[in-house]
Amino acid sequence: MNMLASPDSLAEDEYVWGVNIRARDNSLVSVLGPLEDTALPSGPKQGLFAMGQYLVLFCNGQAFWRNYSSTGWTPILGFQMSRTAPRFWAVAVTGSSVNLQRRSVAGATTIANIASGLTLATTNGLPAALLVQDGVSQPWIIQLDLTCRVTNTYAQWTQETNQEYVPIGTEMAVVGQKLFILGLDGRSLYQSVSGRMLDFVVNVDTDGDKGGDADTTSHSISFEAVTGLKASSLTSMIVATARNTYLVELNFDTLVWGEPSYRNSPLFESGMTNSRSMIELRGNYAFIDFNGIRSFNAVMNLKFEGQNDPFSAKIHGLLEHVLQNSEDTSAVYFDNYGIFSVRTAFGYALMIYDSLLERWVSIDQHECVRVRNFAVTFGASETQLWALTTSGRVFQLFVGEPLQAMVMTRGFQDNNLNTEYKLREFVGQFEDSPAAGVAIAIPYCDGKRFSSRTRTLRDTTSAMLWPLEYPLEFSSTDKVDVQTFTFTTLPNVRVVQMNVSWTGGGSLNSLQLNTDMQTAAVAQEKQAAYANASNT
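Conventions adopted
Residues numbered from 1 in each chain as written. Predicted model: local features only at pLDDT ≥ 70, side-chain atom pairs only at ≥ 80, totals over all residues. Heavy atoms only, no water. Helix = DSSP H or I, 4+ residues; strand = E, 2+ residues; numbered from the N terminus. Buried < 20%, exposed > 50% of the residue type's maximum accessible area, 1.4 Å probe, protein only. Pairing = 2+ DSSP bridges. Phe/Tyr/Trp six-rings, centres within 6.5 Å; stacked < 30°, edge-to-face > 60°. Axes fitted to C-alpha atoms, helices over the stretch in contact; angles between N-to-C directions. Salt bridge = Lys/Arg side-chain N within 4 Å of Asp/Glu carboxyl O. Core = buried A, V, L, I, M, F, W, Y, C linked by side-chain atoms within 4.5 Å. Contact = heavy atoms within 4.5 Å.

(A) Spatial organisation of the overall build of the chain. If you tally the helices and strands in the chain, you get two helices and 39 strands. Per-residue burial for the chain yields a buried fraction of 51% across its 536 residues.

Below, the structure written as structure tokens:
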């Protein structure tokens, strides 16, 4: 897509905009729509997350799970957090990788690690679990066997047998072997002990006993409230407010209580709507801010704002003067596409960026918009993309019925400014449609819209029957459907565009405009006038 340049200056492989399409393999392919899960438990939906092959849904303060390949939801017994919290946060954490007791040495700035023989800060011996926050209750963990328990408080932490303490917070990020939690004040960043993501007692005395809770070792970047956290490497993370973004690096040259100190590096004067709105795309980071979609390179620290950089410039018109918010913006990387749930000039939509082509390719518009958060499940045979919307609906994407696809082509013109066209026919080649559909062609002549033409498409399933098994079977159905749209009353113009839409699935593989060409009469009169003027 290219909405930055004028339609008549686009490259041959560009179009103005497309809806519900993908653009690989030199064709425009319609996508499958979302499929709603209608068996959800009742109550307000507070979050949707993935644990490998499982989906975990938080609803009315409770947790429910389902396998990616099954239907229906099963409650996780014993789990109960706030029924009124508007949303939950969750992050995958590992068990302890350090079996040591920590004791402060003189000045409480260095730590002596002493073998303890204890299994510290584990999740009951399991290698990973989902740590859940609601901003109100003591955090819970959901383990891989789908059992759960509440984590320990600072008061429950003991040096001898129970070195586990997780503070109440909201946003979370895992950076290397450390877990960071955003405190309830919206500014304090709490840190765990390295290698113990469920142990936030960094401050210990000379006997190894707790010397202060997470507030005593917290870190802040600004007086502004933090809106997003995202790990950018094993030793750094991106911290954003509504108006500014920082790179926070762990400084291992200066240790405090045996843990690294921090270096804050301002990146640029642009913020992030939430932590769910940032993804990595081919080494760069793309994120949604309150004015659109931006990108930057955290590793090279280029320090440029992305609203006008090559990443987002070609869709700038869709996001200009449209204010985003933190509740219904999110992003995910799936199947080599960056998917951004935003509000556009055309309404709420999913903006699709093809990381293989390195181009924006589509505006997906359907029922699954205003996404609160995405979740990706990994099964034995497939990967699935799920979404929870702000209205409390859950969808699996790209598995439903074919959506109506649409493309606005570039402008076709002659390099000679005296040449005009009269469009007679538009010919489109449609392929691989699994069901009979309808195609609509609307001509735009010098930017003015004229009457549409409609044609019924045939079922053009693939000539080979899938899955391919010996002996190979072939379908008797035609693979190609060439349709001609005839126009008889269009004016002579310089630039011709077509808006083409189709239903039934399949792809638009090629198109052709048949026109009558002539020299513009007005231009001839002007040339004659110029000639007479020069002669006199």
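(B) Structural detail: the pairing of strand β24 (residues 292–296). With respect to burial, β24 is a largely interior element, five of its five residues being buried. For strand β23 (residues 284–289) and β24, the ladder comprises five bridges, and the chain directions are antiparallel. Of the residues in β24, the one forming a bridge with D289 is G292. Following β23, the chain reverses through two residues before pairing antiparallel with β24.

(C) Focus on the pairing of strand β25 (residues 330–334). Most of β25 sits inside the fold, with four of its five residues counted as buried. Counting the residues that bridge the hairpin from β25 to strand β26 (residues 337–344) gives two residues, and of these D335 lies at a positive phi of roughly 55 degrees.

(D) Inspection of the packing of aromatic side chains at higher detail. Under the counting rule described, the total for this entry stands at 17 aromatic pairs. Judged by centre distance (5.2 Å) and plane angle (55 degrees), the ring pair of F79 and W140 falls under tilted. With F79 in the loop between β8 (74–75) and β9 (89–94) and W140 in strand β13 (residues 140–143), this pair connects stretches of sequence that are 61 residues apart. Judged by centre distance (5.2 Å) and plane angle (70 degrees), the rings of Y353 and W360 are edge-to-face.

(E) Inspection of unusual backbone geometry at higher detail. Positioned with a positive phi, R370 is a non-glycine residue whose angle comes to about 55 degrees. Positionally, R370 belongs in the loop between β28 (359–364) and β29 (371–378). Even without glycine at this site, D432 takes up a positive phi of about 55 degrees. One can find D432 in the loop between β33 (419–431) and β34 (438–445).

(F) Inspection of the sheet that holds strand β14 (residues 148–150) at higher detail. Pairing within the open sheet is antiparallel, and its four strands lie in the order β9-β12-β13-β14. In the strand order of this sheet, the two ends are held by β9 and β14, each with one partner. Taking each pair of neighbouring strands and ignoring which way they run, the sheet shows an average axis angle of 25 degrees. The pairing of β9 with strand β12 (residues 128–133) spans six bridges and is classified as antiparallel. Opposite A90, over in β12, you have V132 as the bridge partner.

(G) Spatial organisation of the pattern of salt bridges. A full pass over the atoms with the stated rule returns 16 salt bridges. A salt bridge links R424 to D516, with the nearest nitrogen and oxygen atoms 2.9 Å apart. Linking R424 in strand β33 with D516 in strand β39 (residues 507–519), this pair joins segments that are 92 residues apart in sequence. Each of the salt bridges in this network shares a partner with another, and the network as a whole consists of E36, E367 and R393.

(H) Region of the structure containing the nonpolar core. Grouped together as the largest cluster of nonpolar side chains are 63 residues, with contacts concentrated most on I293, I339, F340, M351, W360, F374 and W502. With 23 residues, the next largest nonpolar core counts W89, I111, I141 and I181 among its residues.

(I) View of the environment of I221. Of note, I221 is situated in the loop between β17 (189–191) and β18 (226–233). What I221 contacts, discounting residues up to four positions off in sequence, is V239, T241, Y246, V248 and N264.

(J) Focus on the environment of G400. For G400, the location among the structural elements is in the loop between β31 (394–396) and β32 (405–408). Among residues more than four places away in sequence, those in contact with G400 are L32, G33 and P34.

(K) Up close: the sheet that holds strand β6 (residues 54–59). The antiparallel open sheet is built from four strands, whose spatial order is β5-β6-β7-β8. Looking at strand neighbours, the two that pair on one side only are β5 (45–51) and β8, the edges of this open sheet. Bridge count for β6 against strand β7 (residues 62–67) is six bridges, and the pairing is antiparallel. Bridge pairing in β7 links L55 to R66.

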